[in-house]
Amino acid sequence: MKLVEQFFPVCDYDLAATLASGQAFRWKEIDGSWEGVIGENWVRLKQEVDGILAQTVCLKAGQASCLSCFDWLRDYLQIDADLSVILRSFPLDDVPLQTAVTSCRGLRLLRQDPWECLASFILSSTKQIVQIQQIVSLLCERFGKPLAVPENHPPVFSFPSAERLATCTEQELRDCKMGFRAPNLLATAKMVSNGEIHLQSLYALPLEKARAELVALPGVGKKIADCVLLFAYGFPQAFPIDVWILKALRQLYFPKRKPTAKRLLHFSQTHFGPNAGYAQQYLFHYMRTKI
DNA sequence: AACCAGGACACAA
DNA sequence: TTGTGTCATGGT
């Protein structure tokens, strides 16, 4: 059991804003670092001025594969995404958006595992982020696999597979405090594990078709589908509209009028450009922290 | 104590 | 097409 380190030089990457902005639910800040799980790997990340320092563990000491296979982490963090290009694609005359960007420049979008993201957001409906974190944590402790961790570190578990959750009873899931979301998660886990939907195949589809497949799952409407499309599949135009974004759109862009939901939807899909999903994340974070 | 939370769904008008 | 009640649970 050996601690392995890797440094990723990157500018404009705000680790805290990114990991705590409600797109992923398994990151904890522990004395200056962020600890979490990506796939089957325990990870510790530390913000440096000129990049990110990553630590993980390797079961077999001296194995070169650990050092050379940080690609999964590079991909998850989207280190190679050029943030300046994305920010330049935003409408320049949009004062509220530019304010939001200025207030938390370095906020990024992650590239998560589709199943974990889908399951997590099924649990997210009308729950506060802290509660989602608690439910996900219980789910992992009870049904995930124990992972390799550093010496004297408390145990950490993987996010349970769809196959594992499909074998749970509804009551076992309810006992993780997810309430009425339990039957939805269970039914979706069964559909994923028996092949009624093939999550891997959605990468190749255009946005609308991928969304249509997700919305067919129990407990998944447009908002949750867009979260998965944006945070896992990397569709940059996906624009999840939750209560916070609704508030942001109304009070920042239509302060006097009372636009219909349809009008707001149209606005969100035409005004923000090809990276609307990023704009959405900046507005979301801005509303939750600065106002 | 009342109100709300990264909603979805069935059903009414 | 748009509006309302319901579903659990815990934080503020």
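Position labels on residues start from 1 in each chain and follow its written sequence. Both sets of labels track the order of writing: A upward for chains, 1 upward for ligands. For this predicted model, a pLDDT threshold of at least 70 governs which residues receive local features, and a threshold of 80 or more governs which side-chain atom pairs are given and counted, while totals over whole chains, interfaces and linings are taken from all residues. For side-chain calculations, the full set of non-hydrogen atoms in the structure is used, while hydrogens and water are omitted.

**Description of the overall build of chain A**
Condition: To qualify as a helix, a DSSP run of H or I must reach at least 4 residues; to qualify as a strand, a run of E must reach at least 2; elements of each kind are numbered from the N terminus. Two things to know: the radius of gyration comes from C-alpha atoms, and the globule rule equals 2.2 Å times the number of residues to the power 0.38. When accessible area is computed with a 1.4 Å probe and restricted to protein chains, residues below 20% of their type maximum are described as buried, those above 50% as exposed, and intermediate ones as partly exposed. Here the open area of atoms and residues is found with the Shrake-Rupley method and a 1.4 Å probe, where only the protein chains shown may cover a residue. Here Asp and Glu are counted as negative and Lys and Arg as positive; His is not counted, and neither are the chain ends. Lys charges are placed at NZ, Arg charges at CZ, Asp charges at CG and Glu charges at CD.
Broken down by element type, chain A carries 15 helices and five strands. Taking 291 residues into account, the globule formula puts the C-alpha radius of gyration at 19 Å, and chain A, at 19 Å, falls close to it. Projecting the C-alpha coordinates of chain A onto the three principal axes gives extents of approximately 60 × 45 × 35 Å. Of all 291 residues assigned to chain A, the portion counted as buried reaches 50%. Just so you have it, chain A exposes about 13,800 Å², and 54% of that area is on carbon and sulfur atoms. Separation of charge centres in chain A, based on 32 positive and 28 negative side chains, amounts to 8 Å.

**Things to note about the environment of C11**
Checked against the element boundaries, C11 lands in the loop between β1 (2–9) and α1 (15–19). For the pair formed by C11 and V49, sequence separation is 38 residues and the distance between their alpha carbons is 8.1 Å.

**Quick look at the protein's contact with DNA strand B**
Our working rule: Being near a molecule or strand, for a residue, means having at least one of its heavy atoms within 4 Å of it. Any pair of nitrogen or oxygen atoms within 3.5 Å is treated as a polar contact; in protein, a donor-acceptor pairing is required on top of that, and neighbouring residues in sequence qualify only through side-chain atoms on both sides. In this classification, Asp, Glu, Lys and Arg are treated as charged, Ala, Val, Leu, Ile, Met, Phe, Trp, Tyr, Cys and Pro as nonpolar, and every other residue, Gly included, as polar.
In the vicinity of DNA strand B, 26 residues are found, and the nearest of them are G22, Q128, I129, G221 and Q280. Taking I224, its main chain carries an N or O atom lying 3.0 Å from a phosphate oxygen of DNA strand B. In this structure, a base oxygen belonging to DNA strand B sits 3.0 Å away from a side-chain N or O atom of Q281. Every element with two or more residues in the surface near DNA strand B is listed here: α12 (222–231), α13 (243–253) and α15 (276–289). Looking at the surface near DNA strand B element by element, the count peaks at four residues for α12. When grouped by side-chain class, the residues that make up the surface near DNA strand B number 12 nonpolar, 10 polar and four charged.

**Details of the protein's contact with DNA strand C**
Inspection of the region around DNA strand C gives T126, K127, Q128, Q131, R174, K177, G179, F180 and R181 as its neighbouring residues. Backbone atoms, meaning sugar and phosphate, form 59% of the atoms of DNA strand C found within 4 Å of the protein. For DNA strand C, a base oxygen lies 2.7 Å from a polar atom in the side chain of K127. A class-by-class count of the residues in the surface near DNA strand C yields one nonpolar, four polar and four charged.

**Some thoughts on the sheet that holds strand β3 (residues 33–38)**
Stated formally: Think of it this way: DSSP has to see at least two bridges between two strands before they count as a pair. Helix axes are fitted only over the stretch in contact, all axes being lines through C-alpha atoms; the angle between N-to-C directions runs from 0 to 180 degrees.
If you trace the five strands from one edge of the open sheet to the other, you get β1-β5-β4-β3-β2, paired in antiparallel fashion. The two strands at the open ends of the sheet, each matched to only one other strand, are β1 and β2 (28–30). Across the sheet, the axes of successive neighbouring strands diverge by a mean angle of 30°, strand direction being ignored. Pairing analysis gives eight bridges linking β1 to strand β5 (residues 51–58), with the strands arranged antiparallel. Bridged to K2 within β5 is C58.

**Some words on the state of the cysteines**
Two cysteines whose sulfur atoms are joined by a covalent bond form what is called a disulfide. Formally: Only a pair of cysteine sulfur atoms within 2.5 Å counts as a disulfide in this structure description.
Summed over all chains, the structure comprises zero disulfides. The closest cysteine sulfur to the non-disulfide-bonded C11 is located on C104, 16 Å from its own sulfur. Lacking any disulfide linkage, C140 is separated from the closest cysteine sulfur, that of C176, by 9.4 Å. For C140, a relative accessible area of 2% translates into the label buried.

**Examining the packing of helix α7 (residues 129–143) against helix α9 (residues 170–178)**
Cut-off, in case you're wondering: Orientation is classified from the angle alone, with under 35 degrees giving roughly parallel, over 145 giving roughly antiparallel, 65 to 115 giving roughly perpendicular, and any other angle giving oblique. Pairs of residues are marked as contacts when any of their non-hydrogen atoms sit within 4.5 Å.
The contact between α7 and α9 brings their axes to 8 Å, and the two run at 140°. Taken as axis vectors, α7 and α9 run oblique relative to one another. The residues of α9 that touch α7, namely those facing Q134, I135, L138, L139, R142 and F143, are E172, L173, D175, C176, K177 and M178. Residues belonging to the contact of α7 with α9 are distributed by class as follows: seven nonpolar, one polar and four charged.

**Here we look at the packing of helix α5 (residues 95–103) against α15**
At a closest axis distance of 9 Å, the pairing of α5 and α15 adopts a crossing angle of 75°. Relative to α15, α5 is oriented roughly perpendicular. Two secondary-structure elements touch here, α5 through L97, T99, A100, V101 and S103 and α15 through A279, Y282, L283 and Y286. Split into classes, the residues belonging to the contact of α5 with α15 amount to seven nonpolar, two polar and no charged.

**Side note on the domain arrangement of chain A**
Definition in use: Domain start and stop points were drawn from an automatic or database domain assignment. In short, buried area is how much 1.4 Å probe accessible area vanishes from two parts on joining, totalled over both.
Assigned domains within chain A: domain 1 (2–80), domain 2 (114–231) and domain 3 (243–289). Between the C-alpha centres of domain 1 and domain 2 there is a distance of 22 Å. Listed by partner, the interface residues are 13 residues for domain 1 and 19 residues for domain 2. The contact between domain 1 and domain 2 buries some 1,400 Å² in all, and 67% of this surface belongs to carbon and sulfur atoms.

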